[in-house]
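# Structural characterization, general
What follows is the residue order along each chain.
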Amino acid sequence: MAIMTIRDAILQTLHAEMERDPDILLLGEDVVGGNGTAGGPEAIGGIWGTSGGLYAKFGPDRVIDTPISESAIVGAAAGAALAGKRPVAELMFADFVGVSLDQIWNQIAKFRYMFGGKTRCPAVIRLVYGAGMNTAAQHSQSVYAMLTAMPGLKVVLPATPADAKGLLTEALRGDDPVMFFEHKTLYGVKGEVPDGDHRQRFGEARMVREGGDATIVTCGRMVNFSEKAADKLAADGIGCDVIDLRTTSPLDEEAILDSVEATGRLVVVDESPPRCSLAADICALVATKAFSSLKAPPELVTGPHSPIPFARELERAWVPSPQKIEAAVRRVLAAG
Amino acid sequence: MQLSREELVGAYRRMATIRQFEERLHEEIKTGEIAGFTHLYAGQEAVAVGICDQLSVEDMIVSTHRGHGHCIAKGCDVKAMMQEIFGRAGGTCKGRGGSMHIADLSVGMLGANGIVGGGAPQAVGAALAARLDGKGRVAIAFSGDGACNQGTTFEAMNMAVVTKAPAIFVFENNHYSEHTGDAYAVGTARDIASRAEAFGMKAWRANGCDYFDTYETMRELLDHVRAGNGPAAIELDTERFFGHFEGDPQRYRGKGELDRIREERDCLKAFRAKVAEAKLLDPADLDAVDAEVAALIEAAVVEARAAPAPDPATVADDVYVDYY
Ligand SMILES: Cc1ncc(C[n+]2csc(CCOP(=O)(O)OP(=O)(O)O)c2C)c(N)n1
Ligand SMILES: [Mg+2]
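Residue positions are given per chain, counted from 1 along the sequence in the order it is written. Chains and ligands are labelled sequentially in the order written, the chains with letters from A and the ligands with numbers from 1. Local features in a predicted model are, by the rule used here, given only for residues with pLDDT of at least 70; side-chain atom pairs are given and counted only at 80 or more, and totals for whole chains, interfaces and linings are based on all residues. In computing side-chain properties, one takes all heavy atoms of the structure into account and sets aside hydrogens as well as water.

With that out of the way, let us pick up the overall build of chain A. Numbering of helices and strands runs from the N terminus; a helix is a DSSP stretch of H or I covering at least four residues, while a strand is a stretch of E covering at least two. Secondary structure assignment for chain A yields 12 helices and 14 strands. Taken over C-alpha atoms, the radius of gyration comes to 20 Å for chain A, in line with the 20 Å a tight globule of 336 residues would show. Projected onto its principal axes, the C-alpha positions of chain A cover 65 × 45 × 40 Å. Three labels apply to residues, based on accessible area from a 1.4 Å probe with only protein chains included: buried if under 20% of the type maximum, exposed if over 50%, partly exposed otherwise in between. Buried positions account for 60% of the 336 residues belonging to chain A. Note on areas: Shrake-Rupley, 1.4 Å probe, and residue coverage restricted to the protein chains presented here. When the accessible surface of chain A is totalled, it reaches about 12,000 Å², and 52% of it is carbon and sulfur. Radius of gyration here is computed from C-alpha atoms only, and the compact-globule reference equals 2.2 Å multiplied by the residue count raised to the power 0.38.

Quick look at the structure:
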């Protein structure tokens, strides 16, 4: 076990997997940085610090700085995957998925099915997502629900360094397209990471803690916020199950249903607007498959139905907070 | 050059306002009070001002993530902009947008844009709308040497040509897109204007660190577009004096590069030298403008700092005009 940040877990996993598998290549804006400048290549190793040293080790055929052309970046990943390689394409901000959406939505997600199961498209798209840095409406969104809704894509959201390593390794060794979401405020989070080969199966949620009175289902940055809320509640003798989904497609239905059947109370925490959200999806799952065990109406803790604002006070009001999660748990307990 | 004394003083004032606005932000950001990403326009003032000085308030511009200069040149209120960047309720966009999303449609500023390449297609639409009104208005898309590589920019150029839209593509080549050089990322040998020509429009090139060259070249271009000849493009060779964003360590710069460009390619210095040489303006007049501008920027910062933050209860306001 080593203690490291999520940033380093991702960087080291890329190093290790590229070493192991010569078919892996990385594409993105400034993943090398400094090309065509006096500073030279690798003057900057990716603006998030997740690609340092890759270019020096693996060279320009495998670590490729691209122009600002998200459609072509993701489309090139699609083509490279069809041609038998394992491309990793980085979207510097998940919001730019908008620029490249056709290549994900109509192409990568559909190849295998459309072509009668004859193809594989093992493209890993890394998307840097989430609010919390006052980067406003076009640089803060959590677009995982939209991509979870699309059949053909796997959607992964590590919340710990160990999962960053385990899930990225799994993504790079699997044969399906993976949307790998990295929360911009979590890069510096430290934790233990298993040494050597570490794969985390998709569709296997992490039971962060067991408490028995209410179930909190969440992912990404909201895992930590939910734990904070659960700490507060624990001081008042209220125990929460906190479930970190790890992946939203595939979804670990069993973990959710087992917990709700035991607690009878559901709170879903989702860093996105409420409509057609992950929160709504989990709620529908529980309503259809565990209705009789519910003691109270579920609570959804999400942002409002609005874009994400810039000013600190407004962004804070937008993002689900530990306080809002705590209040939601108290409401489900009060209701039954 | 037939610019009047007033026009010259005005041009200098607008460029100095942008410069001092940005230099002040560079200092204010260090205090940690300003949130989010801020991309400073200093170094490129001659482009925004040399172009917008020839536009009426009805002409429209579409800007970029590096938009403060375009906003000031087009006539946005400097104090409201400062409040926006400080995230205040009295900001241009009520503190919801911040530095990357300043817009003021009342002065024809259709919006800064956080999506690189997001603006060019919108300028085509604005130009088609302008043509419908028949008043000879034009719409301008500002794009960088990075944005010129987006498919949206290519599509916009072709669509403007085939629809003969009075759209103008302004390419501000400051030689960097974030940390990558135009020598690497612009495949046509650093030449962006030739792309516009390949799409079938006339393109000009000018020194974007020289107000007069930018102004003169743009005048020809505007005559061409306003005469109903369809779209046109201009590439301006310019410089950015600060990092890509505030906090950028700029390890991609050559040794002494910043000192050199500040010495040799400063549009304000060049402007001062030209008007002094031609005996058009007295340096003391320009010093007085600098002082006035400094007072304005100081007041803008003091007021922004003291201004109230937005009410968190308004977080989901203004999503729709109406919703029922
Ligand atoms: C679609 C999209 N891709 C990437 C980015 C990240 N980004 C912001 S500015 C920038 C560089 C833009 O370069 P250029 O167009 O030359 O403008 P400059 O910054 O030089 O003014 C990049 C890559 C973005 N905001 N939007
Ligand atoms: Mg540039």
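Now for the domain arrangement of chain A. It is common to give the size of an interface as the accessible area that goes away when the parts come together. Residues and elements named next belong to chain A. Residue ranges for the domains originate in an automatic or database domain assignment. Taken as a whole, chain A is organised into domain 1 (2-193) and domain 2 (206-335). For domain 1 and domain 2, the distance between their C-alpha centroids amounts to 27 Å. Counting residues at the interface gives 27 residues for domain 1, matched by 25 residues for domain 2. A pair is scored as a salt bridge if a Lys or Arg side-chain nitrogen falls within 4 Å of a carboxyl oxygen belonging to Asp or Glu. Counting across the interface, domain 1 meets domain 2 through two salt bridges. One salt bridge in this structure joins R206 and D163, with 3.8 Å as the shortest N-O distance. In protein, a polar contact means a hydrogen-donor-capable atom and an acceptor-capable atom, both N or O and within 3.5 Å, with residues adjacent in sequence counting only if both atoms are side-chain atoms; elsewhere, any N or O pair within 3.5 Å suffices. Counting every contact that joins domain 1 to domain 2 gives 17 residue pairs in polar contact (both at pLDDT 80 or more). We call two residues contacting when some pair of their heavy atoms lies within 4.5 Å.

A word on the state of the cysteines. Residues and elements named next belong to chain B. Disulfides are defined in this document as cysteine sulfur pairs within 2.5 Å. Evaluation of the coordinates by the stated rule reveals zero disulfides over all chains. Cysteine C93 remains unbridged, with the sulfur of C71 as its closest cysteine sulfur at 8.4 Å. C209 supplies the cysteine sulfur nearest to C148, a cysteine that is in no disulfide, at a spacing of 18 Å.

Moving on to the side chain of T148(A). All names here are of chain A. If you trace the backbone, T148 turns up in helix α6 (residues 144-148). A relative accessible area of 18% places T148 in the buried class. A polar atom in the side chain of T148 sits 2.6 Å from the backbone oxygen of Y144. There is a polar contact of 2.7 Å between the side chain of T148 and the side chain of T248.

We now examine the interface of chain A and chain B. Across the contact, 40 residues belong to chain A and 48 residues belong to chain B. Sorting the residues of chain A by area buried against chain B places I68(A), F310(A) and L314(A) first, and these three jointly supply 20% of that buried surface. One can count zero salt bridges joining chain A with chain B. Summed over the shared surface of chain A and chain B, the number is 18 residue pairs in polar contact (both at pLDDT 80 or more). Among the elements that make up the side of chain A that touches chain B, the one with the highest residue count is helix α11 (residues 312-318) of chain A (five residues). Of the residues in the side of chain A that touches chain B, the class split is 21 nonpolar, 13 polar and six charged. The term buried area means the drop in 1.4 Å probe accessible area that two parts suffer when joined, counted for both and summed. Under the scheme applied here, ten amino acids are nonpolar (Ala, Val, Leu, Ile, Met, Phe, Trp, Tyr, Cys and Pro), four are charged (Asp, Glu, Lys and Arg), and all others, including Gly, are polar.

Centres within 6.5 Å are what make two rings of Phe, Tyr or Trp a pair, Trp counting through its six-membered ring; a difference in plane orientation under 30 degrees is then read as stacked, over 60 as edge-to-face, and the rest as tilted. In total, this model carries 17 aromatic pairs over all chains according to the counting rule given. Ring geometry for F93(A) and F96(A): centres 5.5 Å apart, planes at 55 degrees, overall tilted. In textbook terms, an aromatic cluster arises when at least three aromatic residues are bridged by ring pairs, as seen for W48(A), F93(A), F96(A), Y187(A), F37(B) and F245(B). For K202(B), the ring lying beneath its charged end belongs to W204(B), and the centroid distance is 4.7 Å. Above the face of the F242(B) ring, R262(B) is positioned so that its terminal group lies 5.1 Å from the ring centre. Whether a charge sits over a ring comes down to the Lys NZ or Arg CZ being within 6 Å of the ring centre and within 35 degrees of the ring normal.

Residue and element names in this part refer to chain B. Because no water is among the atoms considered, metal sites can look incomplete, with donors defined as N, O and S atoms within 2.8 Å of the metal, or 3.2 Å for Na, K and Ca. Protein coordination at the magnesium ion (ligand 2) comes from D145 (OD), N174 (OD1) and Y176 (O), with a distance range of 2.1 Å. Written as a sequence motif, the donor residues of the magnesium ion (ligand 2) are D-x28-N-x1-Y. Placement of the pair is D145 in the loop between β2 (139-144) and α6 (151-163) and Y176 in strand β4 (residues 176-177), with a sequence separation of 31 residues. The residues D145 and Y176 share a single accessibility class, namely buried.

Ranked by size, the top nonpolar core spans 68 residues in total, and within it F21(B), M82(B), I140(B), I168(B), V170(B), Y211(B) and F271(B) carry the most contacts. Broken down by element, this core gets its largest block of residues, 10 residues, from helix α1 (residues 5-30) of chain B. Core analysis: the second largest hydrophobic core is formed by 46 residues, V97(A), Y129(A), C219(A) and I282(A) among them. In this text, buried Ala, Val, Leu, Ile, Met, Phe, Trp, Tyr and Cys residues form a nonpolar core when linked through side-chain atoms within 4.5 Å.

Below, the discussion takes up the UniProt feature "domain: Transketolase-like pyrimidine-binding" (unreviewed entry) in chain A. What UniProt calls "domain: Transketolase-like pyrimidine-binding" (unreviewed entry) maps, in this numbering, to residues 4-189 of chain A. Annotation note: span residues 4-189 of chain A, helix share 36%, strand share 17%, distance between end C-alpha atoms 8 Å. UniProt positions are given in the numbering used here, feature names are shortened, and annotations may be inferred rather than shown by experiment.

The subject of this paragraph is the packing of helix α9 (residues 253-263) of chain A against helix α10 (residues 278-289) of chain A. Residues and elements named next belong to chain A. Note on geometry: axes are C-alpha line fits, over the in-contact stretch for helices, and angles between N-to-C directions span 0 to 180 degrees. In contact at an axis separation of 11 Å, α9 and α10 are set at 60 degrees when each is read in the N-to-C sense. Regarding the angle of α9 to α10, the classification is oblique. Here the hand of the crossing between α9 and α10 comes out right-handed. Residues E253, I256, L257, V260 and E261 of α9 lie in contact with α10, whose contacting residues are I282, L285, V286 and K289. Within the contact of α9 with α10, the residues separate by chemical class into six nonpolar, no polar and three charged. Should an angle fall under 35 degrees it is called roughly parallel, over 145 degrees roughly antiparallel, and 65 to 115 degrees roughly perpendicular, with every other angle called oblique. Left-handed describes a crossing in which the near helix is turned anticlockwise from the far one by less than a right angle; the clockwise case is right-handed.

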